[in-house]
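Chain by chain, the residues run as shown.
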Amino acid sequence: MDLRFNLKIDPEPVPHSGTPVPIPGCRDLKYTWYYDQILHDQSGIPVTFTERENFFDGRFVSLSTETIALAGNGTAIVHTRWCSGHAKPHYAQSRFKGKDREGELVTVSGPWVRLLSP
């Protein structure tokens, strides 16, 4: 089955925010970025993503098990945020994993996202 997806980052590149990320691991880190990942199914086949692997500066850092149900030809927006203790450019990436309506495994790797320095 030929599944096609478009994953757009908004904005790209991502400017430094400085707005604190409200999670314990970011509590004392003042360098922050916020952006949206806009995932669009171009195949008409519904997909349910159940895992999102997150990478920061080339390293795996976390796994989200939030379910994203994407209708055929549908769009989902994933609000994304990062924090760092280092005032320098960074890059991030997400990999979405799930299954289509037939139970076939689907993996979509997002682009490398540029996080600009403050």
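What comes next is a walk through the structure. Everything numeric here is computed off the predicted structure, so don't read it as measured data. Each residue is numbered by its place in its chain's sequence as written, counting from 1. Only residues with pLDDT of 70 or above have their local features reported here, since the model is predicted, and side-chain atom pairs are shown and tallied only from 80 upward, although totals for entire chains, interfaces and linings are computed over all residues. Working from all heavy atoms in the structure, the side-chain values ignore hydrogens and water.

1. Considerations on the overall build of the protein chain
No. 1: For the purposes of this entry, the term helix denotes a DSSP run of H or I that reaches at least four residues, the term strand denotes a run of E that reaches at least two, and both are numbered from the N terminus. Of the regular secondary structure elements, the protein chain holds zero helices and nine strands.
No. 2: Counting from the amino terminus, the protein chain carries its helices and strands in the arrangement β-β-β-β-β-β-β-β-β.
No. 3: In summary, the protein chain has a C-alpha radius of gyration of 15 Å against a globular reference of 13 Å for 118 residues, a match within 12%.
No. 4: Summarising its shape, the C-alpha atoms of the protein chain cover approximately 45 × 25 × 20 Å along the three principal directions.
No. 5: Note on contacts: a residue pair is in contact if any heavy atoms of the two residues lie within 4.5 Å. Looking at the protein chain alone, contacts between residues at least 24 apart form 69% of all its contacts between residues at least 6 apart.
No. 6: Per element, the accessible surface of the protein chain, about 6800 Å² overall, is 50% carbon and sulfur. We compute the radius of gyration from the C-alpha atoms alone; for a globule the expected value is 2.2 Å times N to the 0.38, where N is the number of residues. Accessible areas in this description were obtained via Shrake-Rupley with a 1.4 Å probe; residue shielding takes into account the shown protein chains only.

2. Looking at the packing of aromatic side chains
Aromatic ring pairs are reported here in terms of the distance separating the ring centres and the angle at which the planes meet.
No. 1: For Phe, Tyr and Trp, where Trp contributes only its six-membered ring, two rings pair if their centres lie within 6.5 Å, and the inter-plane angle classes them as stacked under 30 degrees, edge-to-face over 60, or tilted in between. Summed over all chains, the structure comprises five aromatic pairs.
No. 2: Where Phe49 meets Phe96, the ring centres are 5.9 Å apart and the plane angle is 65°; that geometry is what we call edge-to-face. With a gap of 47 residues between them, Phe49 in strand E3 (residues 47-56) and Phe96 in strand E7 (residues 90-100) connect regions that are remote in the sequence.
No. 3: One aromatic cluster is present, formed by Phe5, Phe49 and Phe96 through successive ring pairs.

3. Digging into the side chain of Arg52
No. 1: Note that Arg52 resides in strand E3.
No. 2: Classification of residues uses two cut-offs on accessible area relative to the type maximum, computed with a 1.4 Å probe and protein chains only: under 20% is buried, over 50% is exposed, and between them is partly exposed. Residues counted as positive are Lys and Arg, residues counted as negative are Asp and Glu, and His and the chain ends are not counted. Salt bridge, as used here, is a side-chain nitrogen of Lys or Arg placed within 4 Å of a carboxyl oxygen of Asp or Glu. Buried charge without a partner: Arg52 forms no salt bridge, and the closest opposite charge is Glu66, 4.2 Å away.
No. 3: Polar contacts, as counted here, are pairs of nitrogen or oxygen atoms within 3.5 Å of one another; within protein the pair requires one atom able to donate a hydrogen and one able to accept it, and residues that are adjacent in sequence qualify only if both atoms are side-chain atoms. Within the structure, Arg52 has its side chain in polar contact with the side chain of Asn54 (distance 3.1 Å).
No. 4: Residues in contact with Arg52, not counting those within four places in the same chain, are Ser62, Leu63, Ser64, Glu66, Val78, Ser94, Arg95 and Phe96.

4. Quick look at the environment of Asp57
No. 1: Tracing the backbone through its elements, the reader meets Asp57 in the loop between E3 and strand E4 (59-64).
No. 2: For Asp57 and Tyr34, which are 23 residues apart along the polypeptide, the C-alpha to C-alpha distance reads 16 Å.
No. 3: Ignoring any residue separated from it by four or fewer positions in sequence, one finds Asp57 in contact with Lys88, His90 and Tyr91.

As far as function goes, none of this settles anything; it's purely spatial.
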